[in-house]
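Chain and residue survey
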Amino acid sequence: MDFLSADNLAGQNLLSIVSRGSAIIAELLRLSDNIPSVFYLADKADQAKYGPLLHDFSYLRNMELYENRISSDPLLIDLDEEFRESHMQLLERFFKLFESVYKYVKDLTRYLEDVEEGVYIQHRIEDILASDSGKQLLAEAYYLYGLMLTLMDNRIEGPVRERMLICYYRYKGSSDSHSAVCNIFRSSGYLPSSQKRPPRYPEDFFARLAPPIPVARMVINRLRSDDIYSQMKEWPNPEHRCTALATQAAILYIILFFVPDILHKEFATMREIVDKHFSDNWVISFYMGFVVDLSVMWEPYKAASSALKNTTETKLVKEIHRTQLERVEEQLKQLSEYLTEGILVEEFILDQGHKILNCLRNSNAAIRWTMLHRNCKNKKLRDVISAGPNPEKILLLLMRTAQLEFKVGDLYKALLEGKETRWKKAKEECEDRLRELSHFFSGDQMLTRATKDEKLKDWFASLAAEVSSLDHQDSTLAGRKMQQLAAALEDVEQFHQIETNSHVKHFLADARSFLKQMVRIVNVKEQMLITLASIGDLSYAFDIISDYVHLMHQQIKRDPFSVLLLRATFLKLASVLELPLIRINQAGSEDLTSVAEYYSSQLVAFVRRVLEVIPVNVFLILNEIISVQTSSMKQIPSRLERAQLKEYAQMEERYKLARSTHQVSVFTEGILAMEKTLMGIVEVDPKQLLQEGIRKELVRQISMALHGILIFSSGKVEEFEMRLEELRRNLDGFRLSFEYISDYINLYGLKIWQEEFTRIIDFNVEQECNVFLKKKTYPWDSRFQSTAIPIPLFAPVDEHSVSFVGRLLREILLQTDSHKSLFLTSHSGWFDMSGREIFGIRTCAILHRSLGTAGIRGLDKTISFMIVRDLNDVMRFYRRQVLEGLKVLLPELQSELNPTTTLPAMAARIYSNALARTSRLWPWLSDVLARIGQAQLLRRQFAAELNFVGKLDSATLSGALEVMNQALLSDIAMHYKQPETHAYPSEEKQLLPQLAPFLDALGLSSPMLKIYVTTEPLEGIACFIALFVISLAPILSYNKKLGTLQVKDRNLTLDGSTIIVGVATFLRQFHSSNTHKFIAYLAQYVRCQVIITSKDAKLQELPGEVASILIFLDEFCRYGEISRSLVRQHLPPYVFDKFPVQ
C-alpha cells in the first residue's frame, strides 16, 4: 500500500501534520510583517508612555507590584484600556500562532509515540523511512518545526514575544497551554540585529520542547545516505550534485540542531554530510531566500567546522570561484545563441532538447552559486568572491535563462497539446507514402514504366500496415519499431529497381522523414516540463533577489521594453509557491487558499517594486511638464490679433512639452506590451499594474506636498495664508499636468486624482482621530490604506499632531482662539482687537481652493472628534467635581430655587453663596466650553463654504438633496404626529445613513443640532450650567458696535459667542427638558434682579449682568436654533425683547 494512499491512516496523519506546519510558517511570516512598533519600545517616547504596561517575563515574579502601579494611576488605567481595545485582536492572533507551534510539536511527538506503540498496524519508524513518501514527510516534519523556531527568533524577537505573551496573559488570563507556550517562546537571548550569538544557540532553543531525538538521528542517517527527492536524475552531471541535493541539505542544516552532538563530536558523520551536500558551497538557503553562511554558523561546532574546512579552504574557494566565473561567461554566450530570433522552433527543440536542458542546468547551477555566495558573511571568503562576476552579469544570466525556460516551456506545452494530432497526421502521411509505393510496384498504375514486382509490392504493403498499427501511447515499443522501419527503408534504396528511380527515392525519403518526425513526437513527454520546473526552481532567491531590484530599474530606464524579458523572470520566481503548497494541496487542507494568497501577494508586491520605476520616471518627466505649463506657457486668450500669433506660439516651449510627453508615452508602452501573467493564484494585468504604479507615485507626490508645505512656525495669519496659497499653486500645477498626460498613457487622470486625493485626506484624518479613540485604527488595518498603493507615513513634526491635518487644524484653532479674537456674526469671521479679520469667508475660500471639498470635510470630521473629547471631559469633570465634590450644594440650591415659576426668598444671598462655593470650577469650565463653541463655529463656517460652492458647482445635485432632506424631515415629523397613518422611513433600505454623507459634503447639515455623545442623565446639570452663566454675567458686556458679548476688562479677552455656542452644544447632548430648565433658571435670576432693583430706590436701572444674561439668552436661542417662545414663557416679552436693545 502506498504511504500516501487515502486508506493509509499513518500516511494521512503525518501528511496532515506536515501541511499544518507549512500553513503555520505562512502565518508566522504574515504576522511578523505587522508587529506594532510599540512592542519594540525602540524610542524614548514609547518607553515613557508604554513602558509601565509592556513587561517581559520579569512581570511574573512580582505581578502585584506591576498591577498596583497601573491601578493607582488613572492615566495608566485609561491608557491600559485603550491599549487593550486597540491590540487585543492582534494579540489573540499572535497567541494562536505561538499555540499552534506548541500543538504542532505535541501532535508530532504523539504521532511518533503512536507509531512506536503499534497504533498504526504494520508501520514502524523503519518502515516509514523505507518508503519514499514516508522519509520525505518525516524529514519535513522535523524540518518544519525547527524552521518555525528559527524564523520565530529571526522575525519576532524574544523580548517582543515576551511582551506579547504577558499582555495576552494580563488581558485574557491563563489557559491550559499558556505556561508551555511561554516556556518555548521565552527570549533565547538572540537578536537578529546583534552581531553576537548567545552560547549554545540555537541548540538550547531547539531543546526546550524537542520531538524524539532517536527518530531525528534516524532521519539524519537517511538524509546522509539517500537522495530522498530523487533529484539526481534531474541533475545527472556529477558537478551539479550539491545543487540537486540543495533541498535536503537545507533540511539537514535545520535537523542537525536537534542532535547537536553530531555537530560537536561525530567527525566522520559530518565529513560524510559535507562531502555529499556541501562539497562546493557553504552559503545555503534554508527556506525561501533565508540565507545562512555555514562557515560562520558552524564555527562553534568542532566536527562541523572541521568537515567544512575542506570546502572553505582558500585555494579550493578560488578554484570554485574561477570555475563559476567561466561558467557564467560560457552560459551567457550559449544562451544568447539559443535566444537568437528564429532558432527556437519546434524542430530544433525536438532535435536538441537534451542540449537545451544541459544548458539550463549549467545556467541555473551558476545562478544559484553566485547569488547565494554573494551573501557570504566570512570576510576572508567574501574578499575572494567579491572579485566577480558583477551583479549585472548575474542578472543578465538570470533573465536570459528565465527567457529560454519560458520559450522552451511554451513550445513544449504546445507540442504536448497537439501531440496526438501531429502523430496521427505524420502516421497517415507515412502510411500513404508506403501504400503509394506498394501500388507503384503492382504494375497496375497507368502512365508509369515501373516493372511489376510482387515482393516489393507486398513488402511496402506490410510496412504500411506496421505503420498503421503503431500506437503513441506505448512510446518504447513504437519508438523501437519506427527505428527498425526507418533502417529498412534506408536499406531498400540499394535495390536496383529503386536506386535508378528518383521518384521512388523521393517517396522513400518522405516516408523516412515522417517516421523521424513520429519518433520526435513520441518522445515529447510531460516529464520534460517537470524537469524544466525542477531545474528552474528559484525559491532560494525569494528574499535575496531584492538586492537586484535597482539593477532591474536601471535596465528598464535604458530600455522600457526590457520588461518583456523581465516577465519571464517573474514567472520563474513563481516557483516559490511549490515548496509551501505541495503538502497543503496533497492533504486537501482548507489553508490552501490562505497560504497561496499570502505568497502570491508577496510575488505581486515584488513585481510592483520592480515596475514602479516606470511611474517614478513618468513623474520625473511630469515635473518638467509642470514647469513648462506653469512658468513658461502663456494662456491663449479667446480672441487674438494676428500680430500676436508669434508671441503666443512659443515654439521652443511647445517642443519641450511635446518631447516630455513623448518620453512619458514611451515609458508606458513597454509595460502595456506585457501580457497578463498568473503569479501564483493572482493574475497580474500590466495595465492595472501601470495604473497602480501611477497611483502610488501620485499618492507619494501629493502626500509629500501636503506634509512638506503645511508646516507652520510663526503662528501669524500671513504665514498661514501664504502656506495655503503655496499648496494651491503646487497642487493645481500638478493636477493640470497630470490631466494633460493622462490621454497619452490611456488613463482617466482626473478620476484618479480625485479618488487618490480623497483617500489621502481620509487616511490622514483617520490617523489623526486615533488620538481621540480608545481602539486605534493602525495604518495597515485602515480601509483607506492599500498594499498596492500605500499612503506614506511621515514622522510627526510636532508633539500634538500626527499628520498635516492635525497641524492645519491646530493652526486654525490657534488663529481663532477665543482669548485672542472675537467672532462677529455679522461678518461671519474672527477678528483681532485691532479689527483685522483673521479667519472668515475669504480664508475658507482659500482653504477650499487648496484642499478641495475632501480637505474641508476632513477638517470638519477631525474637529468633531475634538468636540466629542471636550464634551466627555466636561461630563467627567461634572461627575467628579460636582456630583462627588459638591454633593450637598447642588441639591440645596435646587430645592431653594424650585419651582422656577416663583421667586426664592433671600435670592441675593442664595446666589452669592452658591457662586462663592463654586468659583474655583469656572475657569476650567469656561475654557473648555469656549473651545467647544469655537469648534462648532468653525464647523458652521466650513458647512457654509461647502454649501456655497456646492450651489455654484453642482446646483442640480444641491437642490435635489435639499428637497430630499426636507421631504424626509417632513415624513419623520408626520410620523411622530400621526404614527398610525405615516410610517417611519424604512431602515432596511438604509436611506438615512446613505443620505447623510451627501448632506455633509454639501454643508446641508447643521452642527448645532448634532448629538455628539450619549450619556446617562446628569442630576442638576441645568442648574449648574445656569449658575455658570450667572457667574460670567458681571464680567461681560454687550458691545453694540460689534454686536457681541465681550469682557469688560480690556486686559482680558473672552469671546462671548464661543461661550454661548459651547453652552448650547453641551445642553444639546441631553434631553430637551434640561435646556428648558436652564432657560427657566436664568429667567428666574433676571426676575429676581428686577424685583431687587425695584425695591431699592437708589438703583435707577437694572444691573449690567441682567442685560448680559438677556443678551446671552437671545444669542443662545439664535445659535442653538431654539424658539424664542421658550424664553417668553418665563420672562415678560417686554423685558426679553426690548431691554437688551435699549
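Reading the values: the criteria
- Residues numbered from 1 in each chain as written.
- Predicted model: local features only at pLDDT ≥ 70, side-chain atom pairs only at ≥ 80, totals over all residues.
- Heavy atoms only, no water.
- Pairing = 2+ DSSP bridges.
- Helix = DSSP H or I, 4+ residues; strand = E, 2+ residues; numbered from the N terminus.
- Axes fitted to C-alpha atoms, helices over the stretch in contact; angles between N-to-C directions.
- Domains from an automatic or database assignment.
- Contact = heavy atoms within 4.5 Å.
- Buried area = accessible area lost by both parts, 1.4 Å probe.
- Salt bridge = Lys/Arg side-chain N within 4 Å of Asp/Glu carboxyl O.
- Polar contact = N/O pair within 3.5 Å; in protein donor to acceptor, adjacent residues only side chain to side chain.
- Expected span 1.5 Å × (residues − 1).
- Buried < 20%, exposed > 50% of the residue type's maximum accessible area, 1.4 Å probe, protein only.
- Arc of directions from axis to C-beta.

1. Describing the sheet that holds strand β5 (residues 822–824)
Spatial ordering of the open sheet is given by β5-β6-β7, a layout of three strands whose pairing is antiparallel. The strands lining the two open edges of the sheet, one partner per strand, are β5 and β7 (837–839). The mean inter-strand angle of the sheet, taken between neighbouring strand axes irrespective of direction, is 45°. Here strand β6 (residues 829–831) pairs with β7 via two bridges, running antiparallel.

2. Digging into the pairing of strand β2 (residues 290–293)
Here strand β1 (residues 283–287) runs beside β2; their pairing, made up of four bridges, is antiparallel. For Y287, the partnering residue across the bridge sits in β2 and is F290. In this antiparallel pair of consecutive strands, β1 and β2, the connection spans two residues, and M288 shows a positive phi of 40°.

3. Describing the environment of I760
Structurally, I760 is set in helix α36 (residues 749–769). C-alpha of I760 to C-alpha of P792: the two residues are 32 residues apart in sequence and 9.2 Å apart in space.

4. With respect to the domain arrangement of the protein chain
Assigned domains of the protein chain: these are domain 1 (1–187), domain 2 (195–290), domain 3 (549–634 + 649–684), domain 4 (711–816) and domain 5 (817–1139). Taken over C-alpha atoms, the centre of domain 4 sits 32 Å from the centre of domain 5. Contact residues are listed per partner, giving 26 residues for domain 4 and 28 residues for domain 5. Three residues stand out in domain 4 for area buried against domain 5, namely F772, L809 and T816, and they jointly supply 25% of the buried area on that side. A salt bridge links E721 to R842; the nearest nitrogen and oxygen atoms lie 2.7 Å apart. At the junction of domain 4 and domain 5, the tally comes to ten residue pairs in polar contact (both at pLDDT 80 or more).

5. Regarding helix α22 (residues 454–469)
Helix length check: α22 (16 residues) gives 22 Å between terminal C-alpha atoms against 22 Å at 1.5 Å per residue, within 8%. Buried residues of α22: L456, F460, L463, A464 and V467, and no others. Taken end-on, α22 shows its buried residues confined to a sector of 100°, consistent with a single buried face.

6. Things to note about the pattern of salt bridges
Side chains bearing opposite charge may pair, as long as their charged atoms lie close to each other. Across all of its chains, the model carries 49 salt bridges by this definition. As a salt-bridge pair, R170 and D80 come within 2.9 Å of each other at their nearest N and O atoms. With R170 in helix α7 (residues 158–172) and D80 in helix α4 (residues 74–117), this residue pair connects regions lying 90 residues apart in the sequence. With respect to class, R170 is no different from D80; both count as buried. Via salt bridges that share partners, E725, R728, D732, R735, E739 and R849 belong to a single interconnected network.

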